[in-house]
Amino acid sequence: MKTLLACLALLPNLIHAENLQAMVGSAATISVLNMQPVPLVTSADKNGWARIPAFFTNHGATIFTPTASTNGVADIEVQADGYLFLACNWDYQGNQSGDWEKERWTEKRFKSKGWDRLSKNDLGGDLIKNDNRAQTIFFKRVRKGENLRLRCNKYDPPYPILLTSKP
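Residues numbered from 1 in each chain as written. Predicted model: local features only at pLDDT ≥ 70, side-chain atom pairs only at ≥ 80, totals over all residues. Heavy atoms only, no water.

Looking at this structure, how should I read the sheet that holds strand β11 (residues 159–163)?
Strands pair in a sheet through their backbones, by hydrogen bonds, and they do so in one of two ways: parallel or antiparallel. In space, the six strands of this open sheet follow the order β2-β4-β11-β6-β9-β7, with antiparallel pairing throughout. Of all strands in the sheet, those with a lone pairing partner are β2 (35–39) and β7 (116–118), marking the two edges. When strand polarity is set aside, the average angle formed by the axes of neighbouring strands in this sheet is 35°. Across three bridges, strand β6 (residues 82–88) lies against β11 in antiparallel orientation. Considered in β11, the bridge of Ala 87 is made with Tyr 159. (Pairing = 2+ DSSP bridges. Helix = DSSP H or I, 4+ residues; strand = E, 2+ residues; numbered from the N terminus. Axes fitted to C-alpha atoms, helices over the stretch in contact; angles between N-to-C directions.)

Before we go on, may I ask you to explain unusual backbone geometry in this structure?
Across residues other than glycine, the phi torsion is negative in most instances, and most of the peptide bonds are trans. Unusually for a residue other than glycine, Asn 34 sits at a positive phi of about 60°. When its relative accessible area of 31% is taken as the criterion, Asn 34 is described as partly exposed. Look at Asn 71: it is not a glycine, yet its phi comes out positive at around 55°. Relative to the assigned elements, Asn 71 resides in the loop between β4 (61–66) and β5 (73–80). For Asn 71, a relative accessible area of 57% gives the class exposed. (Buried < 20%, exposed > 50% of the residue type's maximum accessible area, 1.4 Å probe, protein only.)

I tried to follow the environment of Cys 152 on my own but got confused; where do I start?
Along the chain, Cys 152 falls in the loop between β10 (147–151) and β11. The spacing of Cys 152 and Ala 74 is 78 residues in sequence and 9.3 Å in space, taken between C-alpha atoms.

Before we go on, may I ask you to explain the side chain of His 59 in this structure?
Counting through the fold element by element, His 59 comes out in the loop between α2 (54–58) and β4. Only 2.7 Å separates the side chain of His 59 from the backbone oxygen of Phe 55, close enough to count as a polar contact. (Polar contact = N/O pair within 3.5 Å; in protein donor to acceptor, adjacent residues only side chain to side chain.)

Please clarify how the nonpolar core should be interpreted in this entry.
Generally speaking, a soluble globular protein has its nonpolar side chains buried in company with each other. Among the nonpolar cores identified, the biggest contains 39 residues, and Phe 56, Phe 85 and Ile 161 are the most heavily contacted of them. Secondary structure elements with two or more residues in this core: β1 (29–32), α2, β4, β5, β6, β9 (136–142), β10 and β11. In terms of residue count, the dominant contributor to this core is β6 (five residues). Beyond its immediate sequence surroundings of up to four residues, Ile 161 is in contact with Leu 40, Phe 56, Ala 61, Thr 62, Ile 63, Leu 84, Phe 85, Ala 87, Leu 127 and Ile 137. (Core = buried A, V, L, I, M, F, W, Y, C linked by side-chain atoms within 4.5 Å. Contact = heavy atoms within 4.5 Å.)

Before we go on, may I ask you to explain the pairing of β6 in this structure?
Sheet faces and side chains relate simply in a regular strand, where the side chains alternate between the two faces. By the criterion of burial, β6 is predominantly enclosed, with six of the seven residues buried. The pairing of β6 with β9 spans seven bridges and is antiparallel. Within β9, the residue paired with Cys 88 across the bridge is Thr 136.

Quick question: what am I supposed to make of the pattern of salt bridges here?
Pairing of side chains with opposite charge becomes possible as their charged atoms draw close. A full pass over the atoms with the stated rule returns nine salt bridges. In this structure, Arg 149 engages Asp 75 in a salt bridge whose closest nitrogen and oxygen atoms are separated by 2.7 Å. Of this pair, Arg 149 sits in strand β10 while Asp 75 sits in strand β5, placing them 74 residues apart in sequence. Between Glu 107 and Arg 117 there is a salt bridge, with its nearest N and O atoms 2.9 Å apart. Taken together, the residues Glu 107 in helix α3 (residues 107–112) and Arg 117 in strand β7 connect sequence positions 10 residues apart. (Salt bridge = Lys/Arg side-chain N within 4 Å of Asp/Glu carboxyl O.)

For this particular structure, what's the right way to read the sheet that holds β5?
The strand order across the open sheet formed by three strands is β1-β5-β10, and the pairing between neighbours is antiparallel. Looking at strand neighbours, the two that pair on one side only are β1 and β10, the edges of this open sheet. Put simply, the sheet's adjacent strands are angled 30° from each other on average, direction ignored. With five bridges joining them, β5 and β10 adopt antiparallel strand pairing.

Next up, the structure:
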């Protein structure tokens, strides 16, 4: 009986892991205002990434990074259906001046709009920028024609991530 209960307790995690694997190779096609896609790899660049979860490393992830000022916003246009991952950080980045907090998406808002959160265990580690800011990762299946205007913080925009290759 204990073995059965232990197996049942693991079932949601196994289903979740299987669903993550199903997303590989089903990335959305997007464009992001003032951001460009680059391989998600560790780098010493001050705006680079110190740690990357195994899930992203193993699947050739691409992350969109700013090429010009984003004012803390990711303006995303979905050009083809698929899965979109998003890295957000809510660490303190400055006071409330500029009324940016009115536009901010909280975890509760993401969930209410159909986004799912992934844990460190789901991904095989944390995504951490070189400024030591750990990211919260969300995902959602998006549809062609959607336009998303997302903000999590004052200066750093949410970072769109796409899985670009199969394992």
